Amino acid sequence: MNPLKSGMLDLALLAALNEQPRYGLDILKYVNERSGGLFDLCEGNLYPALHRLVKAGWVEGDSQPSDRGGAPRKVYRLPDEGAGALSSKRAEWQTLRGALDALLLRKLRQPA
């Protein structure tokens, strides 16, 4: 199972951009490394999600010259509206996690 297909992709991308602006492949690498490979994010999922977040106003993208002299890169950053969305999504995650933990821990504590 890929957890990002369960609605966590926005939260993962917003969190990655909260630390610093990043270009697309850097976001991909960051999310995959920080998740220990669990999310297995690929370009086919990343760029449509970034475009959707840009359209929502939660992420901004600007073309910047490549540090290697190649074609310009699009660097994405989190504007104030995106920081607010991240805060809301974190709260939703904490609520969901708390509810699931309560269900799972309760089940584990009950005698069989």
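For the structure itself, consult the block above.
Residues numbered from 1 in each chain as written. Predicted model: local features only at pLDDT ≥ 70, side-chain atom pairs only at ≥ 80, totals over all residues. Heavy atoms only, no water.

> An account of unusual backbone geometry is requested, with residue identities and associated values reported.
With the exception of glycine, most residues fall at negative phi, and the peptide bonds are largely trans. At aspartate 40, a position not held by glycine, the phi torsion is positive, near 50°. The residue aspartate 40 is located in the loop between helix 2 (24-34) and helix 3 (43-56) in this model. When its relative accessible area of 53% is taken as the criterion, aspartate 40 is described as exposed. (Helix = DSSP H or I, 4+ residues; strand = E, 2+ residues; numbered from the N terminus. Buried < 20%, exposed > 50% of the residue type's maximum accessible area, 1.4 Å probe, protein only.)

> Now, about helix 3: what can you tell me, with residues and values included?
Over its 14 residues, helix 3 extends 20 Å from the first C-alpha to the last, a length consistent with the 20 Å expected when each residue adds 1.5 Å. Listed as buried for helix 3 are Leu46, Ala49, Leu50 and Leu53. Seen end-on, helix 3 carries its buried residues on one side only, within an arc spanning 105°. Along helix 3, the residues that are exposed and aim more than 90 degrees away from the buried face are Gly44 and Lys55. Its buried side turned inward, helix 3 meets helix 1 (9-19), helix 2 and strand 3 (73-77). (Expected span 1.5 Å × (residues − 1). Arc of directions from axis to C-beta. Contact = heavy atoms within 4.5 Å.)

> So what's going on with the sheet that holds strand 2 (residues 60-64)? Residues and values would help.
Across the sheet, three strands lie side by side as 1-3-2; this open sheet has antiparallel pairing. Where the open sheet ends on each side, the last strands, each with one partner, are strand 1 (22-23) and strand 2. Alignment of strand 1 against strand 3, held across two bridges, turns out to be antiparallel. Along strand 3, the bridge assignment pairs tyrosine 23 with valine 75. (Pairing = 2+ DSSP bridges.)

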